[in-house]
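Spelled out, the chains give:
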Amino acid sequence: MKWGILAVFLLFCLGISAQQLSSFLPEGGKVTERNSSGKTWAMNGVYPMPLPEVLKKFDERLLAGKYQLMHKIPMTPDQSRILAAWKKGNKKLIFMFWKISDEKTGFSWGRVK
């Protein structure tokens with residue numbers, strides 16, 4: 001429950017569109033849902049790879065795009081859920097990653113305004 005409250009709080013606060021970010025996401029993922037309401041995650045999806053590999057790909061992609069890591073917070077003791085906040089100038093992105101299985105990882109992202 002704690003991670004949900006934190007995620008909702010962080011989602012309040014950006015200026016990048018879902019279209020822009022979907023073209024920016026690391027290759028190999030599948031977008032399963034988009035939402036432009038601003039009241040929930042802007043995009044959800046799945047990667048057919050382990051959580052550590054997905055985290056590494058996102059870190060590399062965001063760093064290459066000149067984003068700075070603000071926070072990376074394990075949401076469970078086994079670190080099977082990770083919340084990460086990134087910024088670039090006044091743009092802020094929040095990502096949630098979770099282990100679905102040993103070879104499958106879910107992700108969501110949202111804008112911080």
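Our subject is the structure listed above.
Keep in mind the model is a prediction, meaning the values are calculated, not measured.

1. Considering the pairing of strand β6 (residues 104-112)
Among the 9 residues in β6, 8 count as buried, and that is most of the element. As judged from the 5 bridges shared by strand β2 (residues 43-47) and β6, these two strands associate in the antiparallel manner. Counterpart to Val46 in the pairing with β6 is Gly106. With 9 bridges connecting them, strand β5 (residues 91-101) and β6 associate as antiparallel partners. Along β6, the bridge assignment pairs Trp98 with Gly106.

2. Let's talk about the pattern of salt bridges
When charged atoms on two side chains of opposite charge get close, those side chains can pair. Scanning all chains against the criterion turns up 3 salt bridges. Where Lys72 meets Asp59, a salt bridge forms, and the shortest distance between an N and an O atom there is 2.7 Å. Linking Lys72 in strand β3 (residues 68-74) with Asp59 in helix α3 (residues 51-64), this pair joins segments that are 13 residues apart in sequence. Under the relative-accessibility criterion, Lys72 is labelled partly exposed at 34%. A salt bridge links Asp102 to Lys99; the nearest nitrogen and oxygen atoms lie 3.0 Å apart.

How each quantity is defined
- Residues numbered from 1 in each chain as written.
- Predicted model: local features only at pLDDT ≥ 70, side-chain atom pairs only at ≥ 80, totals over all residues.
- Heavy atoms only, no water.
- Buried < 20%, exposed > 50% of the residue type's maximum accessible area, 1.4 Å probe, protein only.
- Helix = DSSP H or I, 4+ residues; strand = E, 2+ residues; numbered from the N terminus.
- Pairing = 2+ DSSP bridges.
- Salt bridge = Lys/Arg side-chain N within 4 Å of Asp/Glu carboxyl O.

As far as function goes, none of this settles anything; it's purely spatial.
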